[in-house]
Amino acid sequence: MVKLKQSNRLSNLPPYLFAKIDEMKRRVMEEGVDIIDLGIGDPDLPTPGHIIQRLYQAAQDPVNHRYASYNGLAKLREAISKWYERRFQVKLNPESEVLPLIGSKEGIGHAPLAFINEGDIVLVPDPGYPVYRAATLLAGGEPYFMPLRRENGFLPELNAISHEVARKAKMMFLNYPNNPTTATASKEFFQEVVRFAQKFNIIICHDAAYSEVTFDGYRAPSFLEVEGAKEVGIEFHSLSKTYNMTGWRIGFAVGNQEVLAALLRVKTNLDSGIFQAIQYAGIEALTVSVDETRKTVKIYQERRDTLVKSLKELGWQLIRPKATFYVWIPIPTGYTSMEFASTLLQKAGIVTTPGVGFGEHGEGFIRVALTVPEERIKEAVERIRTKMP
Ligand SMILES: *Cc1c(COP(=O)(O)O)cnc(C)c1O
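Analysis parameters
- Residues numbered from 1 in each chain as written.
- Predicted model: local features only at pLDDT ≥ 70, side-chain atom pairs only at ≥ 80, totals over all residues.
- Heavy atoms only, no water.
- Helix = DSSP H or I, 4+ residues; strand = E, 2+ residues; numbered from the N terminus.
- Buried < 20%, exposed > 50% of the residue type's maximum accessible area, 1.4 Å probe, protein only.
- Contact = heavy atoms within 4.5 Å.
- Areas by Shrake-Rupley, 256 points an atom, 1.4 Å probe, with all protein chains shown as cover.
- Lys, Arg positive; Asp, Glu negative; His and termini not counted.
- Charge placed at Lys NZ, Arg CZ, Asp CG, Glu CD.
- Core = buried A, V, L, I, M, F, W, Y, C linked by side-chain atoms within 4.5 Å.
- Near = heavy atom within 4 Å.
- Polar contact = N/O pair within 3.5 Å; in protein donor to acceptor, adjacent residues only side chain to side chain.
- Nonpolar A, V, L, I, M, F, W, Y, C, P; charged D, E, K, R; others polar.
- Pairing = 2+ DSSP bridges.
- Axes fitted to C-alpha atoms, helices over the stretch in contact; angles between N-to-C directions.
- Expected span 1.5 Å × (residues − 1).
- Arc of directions from axis to C-beta.
- Salt bridge = Lys/Arg side-chain N within 4 Å of Asp/Glu carboxyl O.
- Patch = residues over 30% accessible without salt bridge, like charges linked within 9 Å, V, L, I, M, F, W, Y side chains within 5 Å.
- Domains from an automatic or database assignment.
- Buried area = accessible area lost by both parts, 1.4 Å probe.

Asker: In this structure, what is going on with the overall build of the chain? I would like to understand it.
Answerer: The helix and strand tally for the chain stands at 14 helices and 12 strands. Considering the chain as a whole, with its 389 residues, one finds that 55% of them fall into the buried category. Within the chain, contacts between residues separated by at least 24 positions form 76% of all contacts whose residues are at least 6 apart in sequence. For the chain, the exposed surface amounts to about 18,100 Å²; the carbon and sulfur share of it is 51%. On the chain, the mean spot of the 47 positive side-chain charges and the mean spot of the 45 negative ones are 1 Å from each other.

As structure tokens, this is what we get:
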């Protein structure tokens, strides 16, 4: 037997904080409890039928069974560029300013490899999607956490970053509409980001996975709508949340062509593109699925209303989300987020995500996903009413 020792790169990754909740969930399930799982950020609704049909059709054509090109079908890049212009009034060159990805997580995970040397700083939101930190560490970089505080609308305070740190920073991750806090960002904030990036020579990676999951008529802006944004950064998009396609693995990055070219160079050495039949399905989604998305978002909005209204009736202090399919809930004093999530599970059979799993500054909150039918949300609230201390 060979002696195994994981690389420093791997063993330096922080422990998986959700593992503890997964373990507890398994035990409660084994007791036969009917679990209501509000932990997972994965749509419960199916992919629209016309997208599935397109996959089915394209999968039958042998041309699509071969290796795809590294930078995606020209038709897909054109569909992305058209979608982007329709949605944000931003023009993109489909040749050089659009890069299809095997899900946006893939691009986020690989981006630091293109620019980060040992010890370089990457500015990472806390709380935040865990991949920003992990990708930084795997590339040998040092995450510097930007606290997202409620009193600042869960936006990072760029002025609070010392010049010393800012000068050493090569890259910054941002994510609005935000997972897990559900916060949104204005164009004014993005303008501030562009000025900061220009001043300190920092590449901005804005993750817009939830740009289409917005409520009450709110439309999330793109980072690239702001003047100068294309000179400093890129934006990640995903078909996962917009079209209920998490399992399909398709997303894209747009924006600065030098950044995209470097990311493509990493990818060319590691992957061989997206299955072409899925690319055709992606074109179908981006071209004709507007109504389907509207229906999906309406369902999340109804679930949000049900949850927020009935928890408020129980006296909970809630932040009513304008976007994303999460609710970021401040927990009662006297608990850590892990203790509160654990109590909800033990007493009421409800799975939630403790805020601390997204970073130190997620403490004091739990994240609830609206990815179950409305009856289950009602049932969850009823259990909270009757079973929680
Ligand atoms: C779901 C999610 C992603 C990943 O999306 P994929 O395209 O499925 O990889 C990226 N960022 C955030 C913030 C997410 O919540």
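Asker: Looking at this structure, how should I read the nonpolar core?
Answerer: Soluble globular proteins tend to pack their nonpolar side chains together in the buried interior. Of all hydrophobic cores here, the largest spans 62 residues; its most connected members are Tyr84, Leu123, Met172, Tyr176, Phe196, Ile204 and Phe223. Setting aside its immediate chain neighbours within four residues, phenylalanine 223 contacts Phe190, Val193, Val194, Ile204, His206, Ala229, Val232 and Glu235. Ranked by size, the runner-up nonpolar core spans 40 residues in total, among them Val28, Ile36, Tyr300 and Val368.

Asker: What is the right way to look at the site of the ligand in this model?
Answerer: Taken together, the neighbourhood of the ligand is formed by 14 residues, with Asp207, Tyr210, Ser238, Ser240 and Lys241 sitting nearest. Between an oxygen atom of the ligand and a main-chain N or O atom of lysine 105, the distance comes to 2.8 Å. Measuring from an oxygen atom of the ligand, one finds a side-chain N or O atom of asparagine 179 at 2.9 Å. Its residues assigned to classes, the shell around the ligand shows four nonpolar, six polar and four charged.

Asker: How do you make sense of the sheet that holds strand β5 (residues 169–175) when you look at a structure like this?
Answerer: In a beta sheet, neighbouring strands are held together by backbone hydrogen bonds and run either parallel or antiparallel to one another. The sheet built from seven strands is open, its strands ordered β2-β8-β7-β6-β5-β3-β4 with mixed pairing. This sheet does not close on itself; its edge strands, each paired only once, are β2 (98–101) and β4 (142–147). Between one strand axis and the next, the sheet turns by 20° as a mean value, whatever way the strands run. Pairing analysis gives six bridges linking strand β3 (residues 121–126) to β4, with the strands arranged parallel.

Asker: What am I meant to see in helix α14 (residues 374–387) here?
Answerer: Given 3.6 residues per turn, any residue in an α-helix points the same way as the ones three and four places further on. Its 14 residues give α14 an end-to-end C-alpha distance of 20 Å, which sits within 8% of 20 Å, the value for a rise of 1.5 Å per residue. For α14, the set of buried residues is Ile377, Ala380, Val381, Arg383 and Ile384. For α14, the buried positions fall inside an angular range of 160° around the axis, keeping them on one side. Exposed side chains of α14 directed beyond 90 degrees from the buried face belong to Glu375, Arg385 and Thr386. Packed against the buried residues of α14 are β1 (36–37), α12 (290–313), α13 (337–348) and β10 (350–351).

Asker: Mind showing me how you'd approach the pattern of salt bridges here?
Answerer: If charged atoms from side chains of opposite charge come close, those side chains can pair. Counted under the stated rule, the structure contains 22 salt bridges. Between glutamate 85 and lysine 91 there is a salt bridge, with its nearest N and O atoms 2.7 Å apart. The exposure class of lysine 91 is exposed, given its relative accessible area of 59%. Across the pair aspartate 120 and lysine 170 runs a salt bridge, and its minimum N-O distance is 2.5 Å. Of this pair, aspartate 120 sits in the loop between α5 (104–115) and β3 while lysine 170 is found in strand β5, placing the two residues 50 residues apart along the sequence. Residue classification places aspartate 120 among the buried positions, given a relative accessible area of 13%. On the basis of relative accessible area, lysine 170 is assigned to the partly exposed category, the value being 30%. What you see here is one network of salt bridges that share partners, running through Asp34, Arg376, Glu379 and Arg383.

Asker: Sorry if this is basic, but what is going on with a nonpolar patch on the surface here?
Answerer: Taken together, the side chains of Met1, Val2 and Leu4 make up a nonpolar region of the molecular surface, amounting to roughly 460 Å² of accessible area. Structurally, methionine 1 can be placed in the segment before α1 (8–11).

Asker: Honestly, the domain arrangement of the chain in this entry has me stumped. Any pointers?
Answerer: Accessible area lost upon the coming together of the parts serves often as the stated size of an interface. Parsing the chain into structural domains produces domain 1 (14–41 + 291–387) and domain 2 (49–288). Taking the mean C-alpha position of each, domain 1 and domain 2 sit 27 Å from one another. Taken residue by residue, the interface counts 28 residues in domain 1 and 29 residues in domain 2. Approximately 2,600 Å² of surface area, both sides summed, lies buried where domain 1 meets domain 2, with 61% of it carried by carbon and sulfur atoms. By the criterion of area lost to domain 2, the three top residues of domain 1 are Lys322, Thr324 and His361, representing 25% of everything that side buries. Note that arginine 304 and aspartate 216 form a salt bridge whose closest N and O atoms lie 2.9 Å from each other. Between the two partners, domain 1 and domain 2, sit 10 residue pairs in polar contact (both at pLDDT 80 or more).

Asker: Sorry, what's going on with helix α8 (residues 187–200) here?
Answerer: Here α8 spans 20 Å end to end across 14 residues, near enough to the 20 Å set by a 1.5 Å rise per residue. Within the sequence span of α8, burial applies to Phe189, Phe190, Val193, Val194, Phe196, Ala197 and Phe200. In an axial view of α8, the angular spread of the buried residues amounts to 165°, which keeps them on one side of the axis. Turned more than 90 degrees away from the buried face of α8, the exposed residues are Glu188, Arg195 and Lys199. Residues of α8 that are buried make contact with β3, α7 (163–168), β5, β6 (203–207) and α9 (229–232).

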